[in-house]
Amino acid sequence: MNLEKVIFGFFIVLAATLNFGFFVGDLDDPVHHEINELFVAIVVNLIATVLKFGDRTQIGAIHLATSLVADLQLIAAAMVWGYAEHIVGTGMTPVMVARVVSLSGGALFANVVSVIILIAETIMQRR
């Protein structure tokens, strides 16, 4: 068993599951979407992105692209949250929560694509 591949797969799957955990719930209810879970999802996605930098294959490039998309959307979601809480001062209204959750949904889709690529790559490997 290759420990590097285990760690790589672990962070890819963990990024997707954390993002899913934040995404699930009523679209416009702030009680269903925890800010700390969004923060952890961002951190784990960034770690997964760093782990994808070494691969120079075409599949590695797609892995990196999906990770960058997820990072961008999760950071944008955090910025919208910060904007609602600290700049506008209205707090997390249903409209703002819907925007944050929608951005995290896009990141979730990118993470799912990354997991599918990981599974396909694993199936294609020969022993």
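Residues numbered from 1 in each chain as written. Predicted model: local features only at pLDDT ≥ 70, side-chain atom pairs only at ≥ 80, totals over all residues. Heavy atoms only, no water.

### Topic: the UniProt feature "transmembrane region" (unreviewed entry) in the chain
Item 1. Look at the UniProt record and you will see "transmembrane region" (unreviewed entry) annotated at residues 7–25, 37–54, 61–84 and 96–120.
Item 2. End-to-end, the C-alpha atoms of residues 96–120 are 36 Å apart, and along that stretch the chain is 100% helix and 0% strand. (UniProt positions renumbered as here; feature names shortened; annotations may be inferred. Helix = DSSP H or I, 4+ residues; strand = E, 2+ residues; numbered from the N terminus.)

### Points about the environment of F39
Item 1. Note that F39 resides in helix α2 (residues 35–51).
Item 2. When the C-alpha positions of F39 and N19 are compared, they lie 9.9 Å apart, and in sequence the two are 20 residues distant.

### Things to note about the packing of α2 against helix α3 (residues 58–88)
Item 1. The contact between α2 and α3 brings their axes to 9 Å, and the two run at 155°. Judged by the angle between their axes, α2 and α3 are roughly antiparallel. Crossing handedness for the pair α2 and α3: left-handed. Residues I35, L38, A41, I42, N45, L46, A48 and T49 of α2 lie in contact with α3, whose contacting residues are L64, S67, L68, A70, D71, L74, I75, A77, A78 and W81.
Item 2. Counted by class, the contact of α2 with α3 contains 14 nonpolar, three polar and one charged residues. (Axes fitted to C-alpha atoms, helices over the stretch in contact; angles between N-to-C directions. Parallel < 35°, antiparallel > 145°, perpendicular 65-115°, else oblique. Left-handed = near helix turned anticlockwise from the far one by under 90°. Contact = heavy atoms within 4.5 Å. Nonpolar A, V, L, I, M, F, W, Y, C, P; charged D, E, K, R; others polar.)

### Comments concerning the environment of I12
Item 1. Within the secondary structure, I12 sits in helix α1 (residues 3–23).
Item 2. Between the C-alpha atoms of I12 and V43, which are 31 residues apart in sequence, the distance is 12 Å.

### Overview of the side chain of H63
Item 1. Checked against the element boundaries, H63 lands in helix α3.
Item 2. Taking the relative accessible area as the measure of exposure, H63 reaches 1% and is therefore buried. (Buried < 20%, exposed > 50% of the residue type's maximum accessible area, 1.4 Å probe, protein only.)

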